[in-house]
Amino acid sequence: MRTDFQTLLISRDGGVLTITMNRPEVLNAFNDMMLHELGDVVEEVAQDEGVRCVVITGAGRAFGAGQDLRSFAAVHASGEAVKVSQHLVNYHRVVRAIRAMPKPVIAAVQGVAAGASCNLALSCDLRIAADNARFIEAFARIGLVPDAGGGFFLPRLVGMGKALELAMLADEVSGPEAERIGLVNKCVPLAEFETATMVLAQRLAKGPTRAYGLIKELMNKAVQSDLETTLRIEGELQDIAIETADHREGVAAFLQKRPAQFSGS
Ligand code: T3D
């Protein structure tokens, strides 16, 4: 697993791989290098069977401040025609890789998560926030629409009415409020944030990884399908899950009245 990134820090603790976006001087705003490196690492880690849970977080006092706005200013000043959709494919690569990753991905958010960084967090499977977290769908502040998958994930997480409010007003949502409205799974005091993140990540890393991957596939497809299609897909995926070693171990552990020891296979 490659670890020599210029804008990311990579650390490994057992089955948990932590990716830390590391441009703290600009609150981990995305430049091209960080976006490409994040795409590279999420694609690579998907193939690493030793990694059973991925955590994405930010260095310093923020999760991330979205797209680095200095690049916008430079492009506008050059007079070049802007075709931003061509640049967005780099965000889409990351979002697709997170959704397709056959293992859990946690966004661990402390401090601000604005713009594309906020939506990167929304594309992860679970979100844990510190109580100093500030979620901002900042796009409308600069006359843009939510990108990096936000138009898909935001209304599905908080409902259409709240999603429109957050996207149009672009007001900050605190960590506790984010928990209340379902934008994050859990908000914890900042002093407990790192430990709580690792406890959650290690728990997932010791879980039935194959089943987690199939659960993701089921939910990914279900949010875009009707009932009949979803019932068919759940049968197909359950046919796969029932053949796993972890399924046999889970049943054996239940019958023997002991905790299951999942291998991830
Ligand atoms: O090209 C494409 O693909 C289009 C994609 C667009 C996706 C997007 O993400 S659009 C949204 C872009 N992001 C924003 O609009 C957020 C801009 N930042 C802010 O509004 C504020 O910085 C925050 C609310 C995030 C945090 O405020 P605060 O008061 O805690 O911090 P600060 O003092 O504003 O920022 C600290 C430093 O980070 C500061 O630098 P300095 O003055 O200390 O040298 C600031 O300029 C820098 N910084 C923060 N955000 C960005 C940034 N530098 C470049 N780009 C940023 N996005």
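Each chain carries its own residue numbering, running from 1 in the direction its sequence is written. Confidence filtering applies because this is a predicted model: local features only for residues at pLDDT of at least 70, side-chain atom pairs given and counted only at 80 or more, and all residues used for totals across whole chains, interfaces and linings. Based on all heavy atoms of the structure, the side-chain values leave hydrogens and waters out of the count.

1. Examining the overall build of the protein
Here's step 1: Elements are defined by DSSP. Helices are runs of H or I of four residues or more, strands are runs of E of two residues or more, and each kind is numbered from the N terminus. A count of helices and strands for the protein gives eleven helices and ten strands.
Here's step 2: When we talk radius of gyration, it's over C-alpha atoms, and the globule rule is simply 2.2 Å times the number of residues to the 0.38. The C-alpha atoms of the protein give a radius of gyration of 19 Å, which matches the 18 Å a tight globule of 265 residues would have.
Here's step 3: For the protein, the C-alpha atoms occupy an extent of roughly 70 × 40 × 35 Å along the three principal directions.
Here's step 4: Each residue gets one of three labels from its accessible area relative to the maximum for its type: buried under 20%, exposed over 50%, partly exposed in between, using a 1.4 Å probe on protein chains only. When each of the 265 residues of the protein is scored for burial, the buried share is 46%.
Here's step 5: Should any heavy atoms of two residues lie within 4.5 Å, those residues are considered in contact. The long-range fraction of contacts in the protein, counting pairs at least 24 apart against all pairs at least 6 apart in sequence, stands at 69%.
Here's step 6: All accessible areas in this document rest on Shrake-Rupley with a 1.4 Å probe, and a residue is counted as covered only by the protein chains that are shown. Carbon and sulfur atoms form 57% of the exposed surface of the protein, whose accessible area is close to 13200 Å².

2. Focus: the pairing of strand S2 (residues 16-21)
Here's step 1: In terms of residue burial, S2 counts as a mostly covered element, since six of its six residues are buried.
Here's step 2: Burial along S2 is two-sided: Val16, Thr18 and Thr20 and Leu17, Ile19 and Met21, pointing in opposite directions, are all buried.
Here's step 3: Of the pairings in the sheet, the one linking strand S1 (residues 8-13) to S2 comprises six bridges and is antiparallel in character. By the bridge assignment for S2, Ile10 is matched with Ile19. Pairing between two strands requires that DSSP report at least two bridges joining them.

3. Section: the nonpolar core
Here's step 1: Residues Ile19, Leu38, Val42, Ile56 and Phe135 are the most contacted members of the largest nonpolar core, which totals 49 residues.
Here's step 2: Here Leu38 is in contact with Leu8, Ile19, Met21, Phe30, Val94 and Leu120, once residues within four sequence places are set aside.
Here's step 3: Residues Val55, Ile106, Ile128 and Leu204 belong to the second largest nonpolar core, which totals 13 residues. Side-chain atoms within 4.5 Å link the members of a nonpolar core, which is a set of buried Ala, Val, Leu, Ile, Met, Phe, Trp, Tyr and Cys residues.

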